[in-house]
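# Structural overview for review
So the chains spell out like this:
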Amino acid sequence: MINEYLNLLLKDYTLQIITLGTAVLGAVCGMLGSFAVLRKQSLLGDAISHASLPGIAIVFLVLGVKSNNGLLLGALASGLVSAVFIKGIISKTHLKADTALGIVLSTFFGFGMLLLTYIQKLPNANQSGLEKYLFGQAATLLASDVWLMTAIAGISLLIVLLFWKEFKMVLFDPDYTKTLGFNVKFIDTLITSFIVIAIVMGLQTVGVVLMSAMLLAPAAAARQWTNSLAKMVMLAGLFGATSGVVGTAISASANNLSTGPVIVLIATLFVVFSFVFSPIRGLLFKQIKLWKNRNDLKLMKTLMFMYNLVKDHEDISHPHKIQLLNNFQGYTKKSLKRLQAEDLILLNRSDWSLTEKGFNTAKNLYTQEL
Amino acid sequence: MTNAQLEIQIILSLVAVACALPGVFLVLRKMALISDAISHSILPGIVLGFFITQDLASPLLIVMATLTGVLTVVLVEYIQKTGLVKEDTAIGLVFPSMFSIGVILIARNAGDVHLDVDAVLLGEVAFAPFDRWMYNGIDMGPKSLWMIGTILTVSISLLILFFKELKVATFDAGLAASLGFTPIGIHYGLMTVSSVTTVGAFDAIGAILVVAFMIVPAASIYLLTNNLKKMLVYSALLGVFASIVGYWIAHFLDASIAGTIATVLGLLFFMVYLFAPDKGYISQWYKIKQQKTEVAMLVFMLHIANHEEEQERNVNHLQEHINWTSQLARKVLRLANQNNMIVIKNDVVSLTPKGAEFTNKAVSYISDNKNAELEGIKQNFFLFRG
């Protein structure tokens, strides 16, 4: 099946364009999404993508024709305006970020719908294709769209590299950055603007509703594997691009599978996999660590019990019967073997005896003086 | 006004009230975006329910959709508890994937399903009066009117029954737990009501604009009052007002009713945001401006009090010493002079007895920062606001 798809990919120019487009989009979204996630602005993407609708509608009303770049510019303007509104509500009132996002998201979208339905009732409106911005249609990507996307991706990569130090500082300690004399407001606006640009770029491909996941999922997955910002940004870009390519491949090889939702589900799979299997923060690893800790605790409890039996004897290494341990629950054959492996006890058939090391370990167990 | 128009307005008003009530608590609990998440992720529930019943108004649909709504909340909370990502990221991860599943389910069965994602996302209340409930051949009115009416009745009864618990759990979850109110139970109850309301409202106003109906009235009223009961009543009224005004504007423009209502709500919020006394943009801006002047004045007075030497107190020297623009320096100087805090003789500033007393008070306030003195100081400040 994979071979079949690769053959198709080699022959089909449109498919090549779409694959390239979704890959570039995924990479840019992953990269810029990392900043959004770390700034706790994860849902900004959702709000801005919904809020771009009135911009699209207004450009359409004014120009009357469906010029792709014009619509994108409209979306961009309206996205930026919405970002300003969100910021204004958060900083000037006691309403919290979630409420501000909810207000802007829903009222801007409602206004967009008002305009769109108004347009649809105008006599010569060629409104078909506007709907694709709601759900996205990767299939309508043209070569020129993809070149534009690549150019924007290049520019945002350049900006991220140029302002790397500033971005990083604002991300982790905005107050300190301010005291060092950096223009935090400018850097802040720069990051937000590029996030808006990435969102607008993605509207055509994955649509308004799913755009936020494109931004978030790769970054959230990448976050689980590393604590370094540089690595996280690169990983997120990689995850995003892979989601794009794989999602496009799956939707191209099956009937009736829209590309946007498939890409989002693939990205979500990356997240689930990372949540479970990441070696440091992952749920599986944490569980294993928990089990190991519990085991160790039981082992030490056994050792402590032995120590209490032995401590009044003159010869600490005097052998005792294993049966003595029977009324104590913490031991198994395996745990005795592990204790022996660590040179804490000596086993001799049905007898055990504490070693010097075992005795001292148990003695200092509670006092931590090892 | 025709009968259908009246029915549409009644349905819209009921939806507005039904949404505003849980919305108030969502806004207060800083969970406004949960409504966004629920409204999107009920899609797979609706689709599955629709596969089974083939009827958009069947009770099973509501049950399935409510279940997916609650499932969303549970998933979000589970992810949050792992501590791997922040809460907002958890929301942003869950609902798009649920929504994607819904879209794919519809697309895969496009042939035999007459369900449109647009219909779920955008809704259309204009058709509501045509889907009527016939009982024994008698016309009982539109189905959606009955549905939203039932939901509203249930949520109002729940609200009255559990008002005290909701209030305590919202403002002090710890206290609620210690009083034995199980904040978790209240939380899931609220989530269930929100889900049910979202489901009941989506075919009238669409899933995305449910968020507007829930959040915007509550947020607007929250800028005007801190009283929970007033918030509930006024949010509901604001929702109804916006619905009826929005309906007629939409009628006039021949545009989407839900979209127009959301726009009206947005405009109303914007007005409140600008003009709310005390918490609005303009009043905040004014307050901050005054505080800046007050601080500048205080800095100035302390500076004068700290320097005995005449050259340090020269009018021209001041400007460079405190690093002010000449405009600000002139303004502060004039204000202090007007309030008899200082006298200027030969371009040298000195404190009057009143100014010295004020400065002493301010210093002692700043150094012990006692609340009791705060009030007196505030009144003193009020003297030279002018």
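Note that the structure is a prediction, hence the values are computed from the model and not measured. (Residues numbered from 1 in each chain as written. Chains lettered and ligands numbered in written order. Predicted model: local features only at pLDDT ≥ 70, side-chain atom pairs only at ≥ 80, totals over all residues. Heavy atoms only, no water.)

### Section: the overall build of chain A
- A count of helical and extended segments in chain A gives 16 helices and three strands.
- In terms of overall dimensions, chain A is more spread out than a globule: its C-alpha atoms have a radius of gyration of 30 Å, far above the 21 Å expected for 370 residues.
- Summarising its shape, the C-alpha atoms of chain A cover approximately 105 × 60 × 35 Å along the three principal directions.
- Burial analysis of chain A (370 residues in total) assigns 51% to the buried set.
- For chain A, the share of sequence-separated contacts (at least 6 apart) that also reach a separation of at least 24 residues comes to 69%.
- Taken as a whole, chain A presents about 17,900 Å² of accessible surface, with 64% of it coming from carbon and sulfur.
- Averaged over its 31 positive side-chain charges, chain A has a centre that lies 4 Å from the centre of its 19 negative ones. (Helix = DSSP H or I, 4+ residues; strand = E, 2+ residues; numbered from the N terminus. Rg over C-alpha atoms; globule rule 2.2 N^0.38 Å. Buried < 20%, exposed > 50% of the residue type's maximum accessible area, 1.4 Å probe, protein only. Contact = heavy atoms within 4.5 Å. Areas by Shrake-Rupley, 256 points an atom, 1.4 Å probe, with all protein chains shown as cover. Lys, Arg positive; Asp, Glu negative; His and termini not counted. Charge placed at Lys NZ, Arg CZ, Asp CG, Glu CD.)

### What to know about the pairing of strand β4 (residues 348–351) of chain B
Residues and elements named next belong to chain B.
- Across four bridges, strand β3 (residues 342–345) lies against β4 in antiparallel orientation. The partner of Val343 across the bridge, within β4, is Ser350.
- Between β3 and β4, which pair antiparallel in sequence order, lie two residues; one of them, Asn346, sits at a positive phi of approximately 50°. (Pairing = 2+ DSSP bridges.)

### Notes on the environment of Asn109 of chain B
All names here are of chain B.
- Residue placement: Asn109 occurs in the loop between α4 (87–108) and α5 (117–122).
- The class of Asn109 is partly exposed, set by a relative accessible area of 26%.
- Between the C-alpha atom of Asn109 and that of Phe51, which follows or precedes it by 58 residues, the distance is 9.2 Å.

### Some remarks on the interface of chain A and chain B
- Between chain A and chain B, the residue contacts involve 57 residues of the former and 58 residues of the latter.
- For the pair chain A and chain B, the summed buried surface comes to about 4,900 Å²; carbon and sulfur atoms form 76% of the total.
- Run the count over chain A and chain B and you get zero salt bridges.
- Our count for the chain A to chain B interface comes out at 12 residue pairs in polar contact (both at pLDDT 80 or more). (Buried area = accessible area lost by both parts, 1.4 Å probe. Salt bridge = Lys/Arg side-chain N within 4 Å of Asp/Glu carboxyl O. Polar contact = N/O pair within 3.5 Å; in protein donor to acceptor, adjacent residues only side chain to side chain.)

### Some remarks on helix α14 (residues 283–310) of chain A
Residue and element names in this part refer to chain A.
- For α14, spanning 28 residues, the distance from its first C-alpha to its last is 41 Å, which sits close to the expected 40 Å at 1.5 Å a residue.
- What α14 keeps buried is the set Leu299, Thr302, Leu303, Met304, Met306, Tyr307 and Val310.
- Its buried side turned inward, α14 meets β1 (320–321), α15 (333–341), β2 (345–348), β3 (351–354) and α16 (356–363). (Expected span 1.5 Å × (residues − 1).)

### Observations regarding the packing of helix α10 (residues 207–222) of chain B against helix α12 (residues 257–275) of chain B
All names here are of chain B.
- For the pair α10 and α12, the least separation of the axes is 10 Å and the interaxial angle reads 20°. One way to sum up the angle between α10 and α12 is to call them roughly parallel. Here the hand of the crossing between α10 and α12 comes out left-handed. Note on element contacts: α12 touches α10 through Ala258, Gly259, Ile261, Ala262, Leu265, Gly266, Phe269 and Val272, opposite Leu209, Ala212, Phe213, Val216, Pro217, Ala219 and Ser220.
- Across the contact of α10 with α12, the residue classes tally to 12 nonpolar, three polar and no charged. (Axes fitted to C-alpha atoms, helices over the stretch in contact; angles between N-to-C directions. Parallel < 35°, antiparallel > 145°, perpendicular 65-115°, else oblique. Left-handed = near helix turned anticlockwise from the far one by under 90°. Nonpolar A, V, L, I, M, F, W, Y, C, P; charged D, E, K, R; others polar.)

### Topic: the environment of Gly207 of chain A
All names here are of chain A.
- Along the chain, the position of Gly207 falls in helix α11 (residues 184–223).
- Judged by relative accessible area, Gly207 falls into the buried class, the value being 0%.
- Here the alpha-carbon distance between Gly207 and Asn348, two residues 141 residues apart in the chain, equals 71 Å.
- Setting aside its immediate chain neighbours within four residues, Gly207 contacts Tyr133, Leu134, Phe135, Gly136 and Gly202.

### So, the side chain of Ser106 of chain A
- Locating Ser106 of chain A in the fold gives a position in helix α6 (residues 97–121).
- Looking at Ser106 of chain A, the relative accessible area reads 0%, which means it is buried.
- Here the side chain of Ser106 of chain A touches Gly102 of chain A through a polar contact of 2.8 Å, landing on its backbone oxygen.
- For Ser106 of chain A, the contacting residues outside a window of four places in its chain are Ile208, Leu209, Val211, Ala212, Val216 and Ala262 of chain B.

### Brief notes about the sheet that holds β1 of chain A
Residue and element names in this part refer to chain A.
- Taken in spatial order, the three strands make up an open sheet running β1-β3-β2, and their pairing is antiparallel. In this open sheet, the two edge strands, each paired with only one partner strand, are β1 and β2.
- Pairing of β1 with β3, which is carried by two bridges, proceeds in the antiparallel orientation. For His320, the partnering residue across the bridge sits in β3 and is Trp352.

### Section: the domain arrangement of chain A
- The domains assigned to chain A are domain 1 (2–277) and domain 2 (284–363).
- The centre of domain 1 of chain A, based on its C-alpha atoms, is set 58 Å off from the matching centre of domain 2 of chain A. (Domains from an automatic or database assignment.)

### Structural notes on the pattern of salt bridges
All names here are of chain A.
- Applying the stated criterion across every chain, the model contains five salt bridges over all chains.
- A salt bridge links Asp296 to Arg338, with the nearest nitrogen and oxygen atoms 3.3 Å apart. With Asp296 in helix α14 and Arg338 in helix α15, this pair connects stretches of sequence that are 42 residues apart.
- For Arg338, a relative accessible area of 34% corresponds to the partly exposed category.
- We note a salt bridge from Arg338 to Glu342, for which the minimum N-O separation is 3.6 Å.

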